[in-house]
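Understanding the architecture of this molecule
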Amino acid sequence: MTMCAKVLSVENDCLCVCDKNTNQEVIVHTCRANCFCEGDCVCIHFSGAMTMSIPPQISATCIFRVRHCR
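This write-up is about the structure you can find in this document. (Residues numbered from 1 in each chain as written. Predicted model: local features only at pLDDT ≥ 70, side-chain atom pairs only at ≥ 80, totals over all residues. Heavy atoms only, no water.)

**Points about the overall build of the chain**
Helix and strand counts for the chain come out as zero helices and five strands. The order of helices and strands in the chain, counted from the N terminus, is β-β-β-β-β. Scaling as 2.2 N^0.38, a compact globule of 70 residues should have a C-alpha radius of gyration of about 11 Å, and the chain matches this with 10 Å. Seen along its three principal axes, the alpha-carbon backbone of the chain occupies a region of about 30 × 25 × 20 Å. Classification of the 70 residues of the chain by burial places 34% in the buried group. Expressed as a percentage of contacts within the chain between residues at least 6 apart in sequence, the contacts between residues at least 24 apart total 46%. (Helix = DSSP H or I, 4+ residues; strand = E, 2+ residues; numbered from the N terminus. Rg over C-alpha atoms; globule rule 2.2 N^0.38 Å. Buried < 20%, exposed > 50% of the residue type's maximum accessible area, 1.4 Å probe, protein only. Contact = heavy atoms within 4.5 Å.)

Written out as C-alpha coordinates, the structure is:
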(Lines give C-alpha, C1' and ligand atoms only; values in the text may rest on other atoms or scores of the structure.)
Protein backbone atom coordinates (compact mmCIF):
# COMPACT_ATOMS: atom_id res chain seq x y z
CA MET A 1 0.00 0.00 0.00
CA THR A 2 1.01 3.62 -0.43
CA MET A 3 0.29 6.62 1.78
CA CYS A 4 0.96 10.25 0.93
CA ALA A 5 1.41 12.31 4.06
CA LYS A 6 2.82 15.46 5.63
CA VAL A 7 5.45 15.05 8.36
CA LEU A 8 4.24 16.51 11.65
CA SER A 9 7.25 15.57 13.78
CA VAL A 10 10.45 13.55 13.68
CA GLU A 11 11.55 11.20 16.48
CA ASN A 12 14.25 8.53 16.77
CA ASP A 13 13.44 5.92 14.09
CA CYS A 14 9.88 7.15 13.53
CA LEU A 15 7.83 9.97 12.06
CA CYS A 16 4.44 11.29 13.05
CA VAL A 17 2.60 12.11 9.82
CA CYS A 18 -0.83 13.25 8.70
CA ASP A 19 -2.27 10.92 6.04
CA LYS A 20 -3.57 13.17 3.26
CA ASN A 21 -6.40 10.77 2.30
CA THR A 22 -7.86 10.33 5.79
CA ASN A 23 -6.49 13.39 7.66
CA GLN A 24 -5.45 10.90 10.36
CA GLU A 25 -2.21 11.03 12.37
CA VAL A 26 -0.06 7.92 11.89
CA ILE A 27 3.25 6.87 13.44
CA VAL A 28 5.63 5.58 10.75
CA HIS A 29 8.54 3.40 11.87
CA THR A 30 11.57 3.85 9.61
CA CYS A 31 15.32 3.81 10.14
CA ARG A 32 15.45 6.81 7.74
CA ALA A 33 13.45 9.14 10.02
CA ASN A 34 16.39 11.53 10.42
CA CYS A 35 16.35 12.15 6.62
CA PHE A 36 13.07 14.09 6.92
CA CYS A 37 11.94 17.36 8.51
CA GLU A 38 8.68 18.67 9.88
CA GLY A 39 6.55 19.91 6.97
CA ASP A 40 8.01 17.53 4.36
CA CYS A 41 5.56 15.78 2.06
CA VAL A 42 6.37 12.08 1.81
CA CYS A 43 5.23 8.99 -0.03
CA ILE A 44 5.27 5.90 2.19
CA HIS A 45 5.10 2.31 0.97
CA PHE A 46 4.06 -0.23 3.62
CA SER A 47 2.63 -3.74 3.83
CA GLY A 48 -0.89 -2.57 4.61
CA ALA A 49 -0.64 -3.73 8.22
CA MET A 50 -1.60 -0.97 10.66
CA THR A 51 -1.97 -1.23 14.43
CA MET A 52 -5.27 -0.33 16.04
CA SER A 53 -3.51 1.91 18.57
CA ILE A 54 -4.13 5.64 18.83
CA PRO A 55 -2.47 6.92 16.76
CA PRO A 56 -2.15 3.91 14.47
CA GLN A 57 1.34 2.72 13.55
CA ILE A 58 2.89 1.34 10.37
CA SER A 59 6.36 0.22 9.30
CA ALA A 60 7.63 1.77 6.07
CA THR A 61 9.20 -0.51 3.48
CA CYS A 62 10.15 2.55 1.40
CA ILE A 63 9.75 6.26 2.10
CA PHE A 64 10.74 9.28 0.02
CA ARG A 65 10.12 13.02 -0.16
CA VAL A 66 7.75 14.39 -2.82
CA ARG A 67 7.12 17.97 -3.96
CA HIS A 68 3.43 18.13 -3.06
CA CYS A 69 1.16 16.10 -0.84
CA ARG A 70 -1.84 14.95 -2.84
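**Focus on the side chain of D19**
Along the chain, D19 falls in strand β2 (residues 14-19). In this structure D19 is buried but unpaired, with K20 as the nearest side chain of opposite charge at 8.6 Å. Among the polar contacts made by the side chain of D19, one reaches the main-chain amide nitrogen of N21 at a distance of 2.9 Å. In this view, D19 contacts M3, C4, A5 and Q24; residues no more than four positions away in its chain are not counted. (Lys, Arg positive; Asp, Glu negative; His and termini not counted. Salt bridge = Lys/Arg side-chain N within 4 Å of Asp/Glu carboxyl O. Polar contact = N/O pair within 3.5 Å; in protein donor to acceptor, adjacent residues only side chain to side chain.)

**Section: the nonpolar core**
A general tendency of soluble globular proteins is for nonpolar side chains to be buried together. Core analysis: the largest hydrophobic core is formed by 14 residues, its most contacted members being M3, L15, V17, V28, V42, I44 and I58. Residues in contact with I58, not counting those within four places in the same chain, are M3, V26, I27, V28, H29, I44, F46, A49 and M50. (Core = buried A, V, L, I, M, F, W, Y, C linked by side-chain atoms within 4.5 Å.)

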